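Descriptive structure summary
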Amino acid sequence: MKSSSERILKAAFELASRYPYDKITYADVAKEAGVHWSTVQRYFGSKDEMRRVLLEKQTQHHHSLADTRMKILEAARRVFAKYGYEGATLDQVAKDAGLTKGAIYWHFSSKSDLYLALCERSLTQLLQGLPGQIRNIFGSSNPMEALKTLLESQFASCEEGNGEQPMLFFEFISSSRDPSVRKKLCESFSKLFQGTSDILREMQQKGLLTSDVDSRDLSVILHSLVNGIVLMWLVAPNHVSFQSVSAAVSKILWYGIQPNEQEKENHP
């Protein structure tokens, strides 16, 4: 039979896995452990000490959860790339990650939920890199060439693995009819569009970009252009040269978004 000390510690850690450390009381631990609250007080010495112990446990737990979630996402990326969205299963992801299927369900409610998390991670990484990339374009001595280079790098990443990642994404979109999935996708892309719009508006305010075009519309146009070109490449790769398309698109875009003479004069 476990001692009261063992029961108290187990009860405290069990509560810490479900509730914030600073909301747990002696009475909560006592009830969980089946002892009097004064016994819990004597064990920890003080409420501050109890909460310090619980905070340390929660921190370790959260790190462990974050590591497991990352391991699952990396395994899912490999499995989806190998089998496609329809062919991939959570059993395969669990096996690749070296985890149980139950561990997968602890973090993700379904295969679509797991893939949406991958999409969100990818879009977040894209958005994080955009401010520096866009500022580099407008800070370049040859913005049109810098824009062309950026487009080429975006398209080159799509070519990795014979286009497995963009193919997977379009497969997922076309096969999903779940309203909740559509809603989550909408939320993720809304963040991307809004983040891009904010960066472009900053360029407009500095007179580096024409203010004749609404930054929100321009954000949608830019991402639609890139995704549309990638889709055409997937459909007819022999007719789409990313290098020549990048040159053409950068020219069309730059002539359309560069500031006019009056805007240049207002921002010397």
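Residues numbered from 1 in each chain as written. Predicted model: local features only at pLDDT ≥ 70, side-chain atom pairs only at ≥ 80, totals over all residues. Heavy atoms only, no water.

The subject of this paragraph is the overall build of the chain. Secondary structure summary: the chain contains 13 helices and zero strands in total. Helices (α) and strands (β) of the chain occur, in sequence order from the N terminus, as α-α-α-α-α-α-α-α-α-α-α-α-α. Dimensions along the principal axes, computed over C-alpha positions, put the chain at roughly 80 × 50 × 30 Å. Burial analysis of the chain (268 residues in total) assigns 37% to the buried set. Put simply, 66% of the contacts in the chain that link residues at least 6 apart link residues at least 24 apart. For the chain, the exposed surface amounts to about 15700 Å²; the carbon and sulfur share of it is 54%. (Helix = DSSP H or I, 4+ residues; strand = E, 2+ residues; numbered from the N terminus. Buried < 20%, exposed > 50% of the residue type's maximum accessible area, 1.4 Å probe, protein only. Contact = heavy atoms within 4.5 Å. Areas by Shrake-Rupley, 256 points an atom, 1.4 Å probe, with all protein chains shown as cover.)

F80, V93, L114 and Y115 are the most contacted members of the largest nonpolar core, which has 38 residues in total. Looking at this core, the elements that each hand over two or more residues are helix 4 (47–87), helix 5 (90–97), helix 7 (111–138), helix 9 (164–175), helix 10 (179–205) and helix 12 (242–257). Residues from two domains meet in this core; each of domain 1 (4–105) and domain 2 (111–265) gives at least three. When residues no more than four places from it in sequence are discounted, the contact partners of V93 are I72, A75, A76, V79, I104 and L114. Counting residues in each nonpolar core, the second largest holds 16 residues, with V29, A33, V35 and V40 among its members. (Core = buried A, V, L, I, M, F, W, Y, C linked by side-chain atoms within 4.5 Å. Domains from an automatic or database assignment.)

Attention shifts here to the domain arrangement of the chain. Partitioning the chain into structural domains gives domain 1 (4–105) and domain 2 (111–265). The distance between the C-alpha centroids of domain 1 and domain 2 comes to 39 Å. Each partner contributes to the interface: domain 1 provides 15 residues, whereas domain 2 provides 13 residues. Both sides together, the interface formed by domain 1 and domain 2 hides about 1300 Å², and carbon and sulfur atoms give 66% of it. For the interface between domain 1 and domain 2, the tally reads one salt bridge. Here E74 ties to R121 by a salt bridge, and the two come within 2.9 Å at their closest N and O atoms. One can count five residue pairs in polar contact (both at pLDDT 80 or more) joining domain 1 with domain 2. Of all elements in the fold, only helix 4 and helix 5 reach the threshold of two or more residues within the side of domain 1 that touches domain 2. (Buried area = accessible area lost by both parts, 1.4 Å probe. Salt bridge = Lys/Arg side-chain N within 4 Å of Asp/Glu carboxyl O. Polar contact = N/O pair within 3.5 Å; in protein donor to acceptor, adjacent residues only side chain to side chain.)

For the rest of this paragraph, the subject is the side chain of R121. Following the sequence through the fold, R121 ends up in helix 7. Within the structure, R121 has its side chain in polar contact with the side chain of E74 (distance 2.9 Å). Discounting chain neighbours no more than four positions away, the residues touching R121 are M70, L73, E74 and R77.

Looking at the element boundaries, S188 is found in helix 10. Leave out the neighbours within four places in its chain, and S188 touches E120 and L123.

To continue, consider a nonpolar patch on the surface. A cluster of nonpolar side chains, L231, M232 and V235, forms an exposed patch at the surface whose accessible area comes to about 270 Å². Within the fold, L231 resides in helix 11 (residues 215–235). Here L231 falls in the partly exposed class, since its relative accessible area comes to 32%. (Patch = residues over 30% accessible without salt bridge, like charges linked within 9 Å, V, L, I, M, F, W, Y side chains within 5 Å.)

Moving on, we get to the pattern of salt bridges. In the structure shown here, the tally under the stated rule is 13 salt bridges. Ionic pairing is found between R201 and D198, a salt bridge with its closest N-O pair at 3.1 Å. In this pair, R201 and D198 are both assigned in helix 10, three residues apart and thus about one turn of the helix distant. On the basis of relative accessibility, which here comes to 30%, the residue R201 falls in the partly exposed class. Classification of D198 by relative accessible area gives partly exposed; the value is 37%. A salt bridge links R216 to D214, with the shortest nitrogen-to-oxygen separation between them at 3.1 Å. Residue D214 is classed as partly exposed on the basis of its relative accessible area of 30%. By sharing partners, the salt bridges in this structure join E74, R77 and R121 into a single network.

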